[in-house]
Amino acid sequence: MITTVSPTDTGTALLSARGLRKSFTLDGQDVEVLHGVDLTIAEGEFVTVMGASGSGKSTLLHSLSGMDPVDAGTVRLDDVELTALSPDELADHRREHMGFVFQQPTLLRDLGLLENIVLTSSLDRVGTPADRVARAKELMTRAGIWDLRARMPAQVSGGQLQRAGICRALMRRPRIVFGDEPTGALNRDSAEQILALLAELNREGTTMLVVTHDVRVAARADRVVFMIDGRIADELTLDDRGPVAGPARVDAVIARMRRLGI
Ligand SMILES: Nc1ncnc2c1ncn2[C@@H]1O[C@H](COP(=O)(O)OP(=O)(O)OP(=O)(O)O)[C@@H](O)[C@H]1O
């Protein structure tokens with residue numbers, strides 16, 4: 001069953017954005033690429049963002065996560081207004097409460113996978129060294145890469161590297177994980193494994209916001225948000241509790257994209 005439940009009906013709001021505007025300056029001209037975006041993400045929700053190339057998906061993700069400042073509007077994570085924090089406070093808040101998974105994980109090439117995964121927690125002195133390794137072991141075991149812990153990034157496959165990137169993002173038990181095309185550089189099998197891992201982590205309570213061009217990724221979400229020209233044009237809630245088989249969800253996403261002309 002495909003439903004159209006309002007996001008705020010599905011649980012407590014974790015992340016909420018109101019009136020986000022963002023411009024870039026190109027050749028001396030300001031070009032607005034987010035035209036007043038409102039978005040609420042409930043605690044525990046898995047939301048994907050779809051839209052044509054250039055519609056503003058990455059800009060939205062960067063704006064919501066505080067990676068880039070916005071020109072107008074507010075973003076709140078729980079009861080903290082991110083848009084009111086100083087750059088240092090925002091950086092601390094991001095490290096503590098947000099995880100990031102990009103298309104190409106940027107692991108340090110001279111450190112093994114385990115060392116890479118514990119690195120930022122070590123630098124920030126989160127827990128004891130034993131705590132950090134225990135957390136990394138738990139994540140890497142679940143991701144199926146514990147046996148590869150001593151390998152250098154260049155000695156593993158793209159899918160294994162991405163799994164390491166996800167472990168690194170999850171080390172501090174973030175409130176929300178932001179993903180920008182996390183399966184974009186992977187073959188179909190590796191992409192499926194990454195998707196299954198993200199879905200499992202979400203079922204265990206991690207809130208996710210993932211930008212993707214891949215309908216199979218989008219269809220795993222609780223809700224798909226569609227962007228057109230810097231605005232949220234539509235959204236589709238995929239009800240997990242209804243009798244929806246995988247392909248039905250993919251079909252629903254494709255049908256909505258066609259209707260929107262994406
Ligand atoms: N740093 C920048 N300077 C100038 N323009 C930018 C910058 N970053 C993005 N843009 C422009 O903003 C618009 C939205 O870009 P954005 O990367 O958010 O789109 P997208 O939907 O994520 O695209 P894609 O699917 O191709 O990754 C595009 O027109 C892009 O050229």
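Just above, that's the structure.
Residues numbered from 1 in each chain as written. Predicted model: local features only at pLDDT ≥ 70, side-chain atom pairs only at ≥ 80, totals over all residues. Heavy atoms only, no water.

Novice: Which parts of the structure should I look at to understand the sheet that holds strand E2 (residues 13–26)?
Specialist: Sheet strands associate in pairs through backbone hydrogen bonding, adopting either a parallel or an antiparallel arrangement. Taken in spatial order, the 4 strands line up as E3-E2-E5-E6 in an open sheet, and their pairing is antiparallel. On the outer flanks of this sheet lie strand E3 (29–42) and strand E6 (80–81), each paired with one strand and no other. The sheet contact formed by strand E5 (residues 72–77) and E6 spans 2 bridges and is antiparallel. Of the residues in E6, the one forming a bridge with Leu77 is Val80. Of the strands in this sheet, E2, E3 and E5 touch helix H1 (residues 57–64), which is tilted by about 120° from E2. (Pairing = 2+ DSSP bridges. Helix = DSSP H or I, 4+ residues; strand = E, 2+ residues; numbered from the N terminus. Contact = heavy atoms within 4.5 Å. Axes fitted to C-alpha atoms, helices over the stretch in contact; angles between N-to-C directions.)

Novice: For this particular structure, what's the right way to read the pattern of salt bridges?
Specialist: Oppositely charged side chains can form a pair if their charged atoms are brought close together. One pass over the full model with this rule turns up 16 salt bridges. Two residues, Asp214 and Arg216, come together in a salt bridge whose shortest N-O distance is 3.2 Å. Since its relative accessible area comes to 28%, Arg216 is described here as partly exposed. Of the charged contacts, one joins Arg223 and Glu235 as a salt bridge, the two residues approaching to 3.2 Å between their closest N and O atoms. Pair noted here: Arg223 is in strand E10 (residues 223–228) and Glu235 is in strand E11 (residues 231–238), with a separation of 12 residues, a long-range link. A single network of salt bridges, built from pairs that share partners, joins Arg135, Glu138, Arg142, Arg173, Glu200 and Glu204. (Salt bridge = Lys/Arg side-chain N within 4 Å of Asp/Glu carboxyl O. Buried < 20%, exposed > 50% of the residue type's maximum accessible area, 1.4 Å probe, protein only.)

Novice: Where do I start with the packing of helix H3 (residues 113–123) against helix H4 (residues 129–142) in this structure?
Specialist: Each pair of packed helices can be summarised by the angle the axes make with each other and by the distance between the axes. Relative to each other, H3 and H4 sit at 130°, their axes nearing to 10 Å. Relative to H4, the element H3 lies oblique. Where H3 crosses over H4, the handedness of that crossing is right-handed. Contact residues: H3 offers Leu113, Leu114, Ile117, Val118, Ser121 and Ser122, while H4 offers Arg132, Val133, Ala136 and Met140. Looking at the contact of H3 with H4 residue by residue, the class counts come to 7 nonpolar, 2 polar and 1 charged. (Parallel < 35°, antiparallel > 145°, perpendicular 65-115°, else oblique. Left-handed = near helix turned anticlockwise from the far one by under 90°. Nonpolar A, V, L, I, M, F, W, Y, C, P; charged D, E, K, R; others polar.)

Novice: Could you clarify how one ought to interpret the site of the ligand in this entry?
Specialist: The full set of residues close to the ligand is Phe24, Leu26, Val33, Ala52, Ser53, Gly54, Ser55, Gly56, Lys57, Ser58, Thr59 and His213. One nitrogen or oxygen atom from the side chain of Lys57 is found 2.7 Å from an oxygen atom belonging to the ligand. Here an oxygen atom of the ligand sits 2.5 Å away from a polar atom, N or O, in the side chain of Thr59. Look at the ligand: alone it shows 630 Å² of surface, and the protein chains cover 60% of it. Elements with a minimum of two residues in the shell around the ligand: E2 and H1. (Near = heavy atom within 4 Å. Polar contact = N/O pair within 3.5 Å; in protein donor to acceptor, adjacent residues only side chain to side chain. Areas by Shrake-Rupley, 256 points an atom, 1.4 Å probe, with all protein chains shown as cover.)

Novice: Looking at this structure, I do not really get the pairing of E11. What am I missing?
Specialist: Moving residue by residue along a regular strand, the side chains alternate between the two faces of the sheet. Direction of pairing for E10 relative to E11: antiparallel, over a ladder of 6 bridges. Pairing of Val225 across the sheet is with Glu235, part of E11. Hairpin geometry of E10 and E11 is characterised by an intervening segment of 2 residues between the two adjacent antiparallel strands and by a positive phi of about 45° at Asp229.

Novice: Hey, could you run me through the environment of Ala252 in this one?
Specialist: Relative to the helices and strands, Ala252 resides in helix H8 (residues 246–260). Along the sequence, Ala252 and Leu238 sit 14 residues apart, while their C-alpha atoms lie 8.5 Å from each other.

Novice: So what exactly am I meant to see when it comes to the nonpolar core here?
Specialist: Looking at soluble globular proteins, one finds that nonpolar side chains tend to be buried together. If you look at the biggest cluster of nonpolar residues, it comprises 34 residues, and the most contacted ones within it are Ile117, Met140, Ile145 and Ile166. Those elements that provide at least two residues to this core are H3, H4, helix H5 (158–170), helix H6 (188–203) and strand E9 (207–211). The contacts of Met140, once residues within four sequence positions are left out, are Leu113, Leu114, Ile117, Ile145, Trp146, Arg149 and Cys167. If you look at the next biggest cluster of nonpolar residues, it comprises 26 residues, including Val49, Met98, Phe178 and Val211. (Core = buried A, V, L, I, M, F, W, Y, C linked by side-chain atoms within 4.5 Å.)

Novice: Is there a simple way to think about the side chain of Ser65 in this case?
Specialist: By the secondary structure assignment, Ser65 is in the loop between H1 and E5. On the basis of relative accessible area, Ser65 is assigned to the buried category, the value being 0%. At 2.8 Å, the side chain of Ser65 and the backbone oxygen of Leu61 are in polar contact. Once residues lying within four places of it in the same chain are set aside, the contact partners of Ser65 are Arg94, Met98, Phe100 and Phe178.

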